[in-house]
Amino acid sequence: MQAQELFSQVQKLALTEQLTLLNFLVQLIQQEVVPTPSPQQTVLERMGGLPQHILSVGGLSDRDTRRQRICDRIQARHQA
């Protein structure tokens, strides 16, 4: 659609619809001119933060400790 056709179509709209359209266009222009910075979240933040139940029990925040506990559980299952 060319500019002249678009202009004539906008002129046919009711005044309230024209104002709504203008407000929408202003918002689009403002978003283009001044983009709002989106905060970069880490994966952990997107997942809801640190798992407090893991951190509060017996040093499970350490990877080696968690790995050893998991190995112990697997071995206990296989022995049973």
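Residues numbered from 1 in each chain as written. Predicted model: local features only at pLDDT ≥ 70, side-chain atom pairs only at ≥ 80, totals over all residues. Heavy atoms only, no water.

**Digging into the overall build of the protein**
Assigned secondary structure in the protein consists of five helices and zero strands. Taken from N to C terminus, the helices and strands of the protein fall in the order α-α-α-α-α. The proportion of buried residues among the 80 residues of the protein is 1%. Accessible area of the protein: about 7,700 Å², with a carbon and sulfur share of 58%. (Helix = DSSP H or I, 4+ residues; strand = E, 2+ residues; numbered from the N terminus. Buried < 20%, exposed > 50% of the residue type's maximum accessible area, 1.4 Å probe, protein only. Areas by Shrake-Rupley, 256 points an atom, 1.4 Å probe, with all protein chains shown as cover.)

**Describing the confidence of the model for the protein**
The predicted model of the protein averages 82 in pLDDT, with 86% of residues at 70 or higher. Within the protein, helix H4 (residues 52–55) has the poorest average pLDDT of any element, 66, and helix H5 (residues 63–79) the best, 90. (pLDDT = per-residue confidence, 0-100.)

**Looking at a nonpolar patch on the surface**
Judged by side-chain polarity, Leu-15, Leu-19, Leu-22, Phe-24, Leu-25 and Leu-28 come together as a nonpolar surface patch covering roughly 570 Å² of accessible area. Within the secondary structure, Leu-22 is located in helix H2 (residues 15–33). (Patch = residues over 30% accessible without salt bridge, like charges linked within 9 Å, V, L, I, M, F, W, Y side chains within 5 Å. Salt bridge = Lys/Arg side-chain N within 4 Å of Asp/Glu carboxyl O.)

**With respect to the environment of Leu-44**
With respect to the secondary-structure elements, Leu-44 resides in helix H3 (residues 43–46). Leaving out residues up to four positions away in the same chain, Leu-44 has contacts with Gly-49 and Leu-50. (Contact = heavy atoms within 4.5 Å.)

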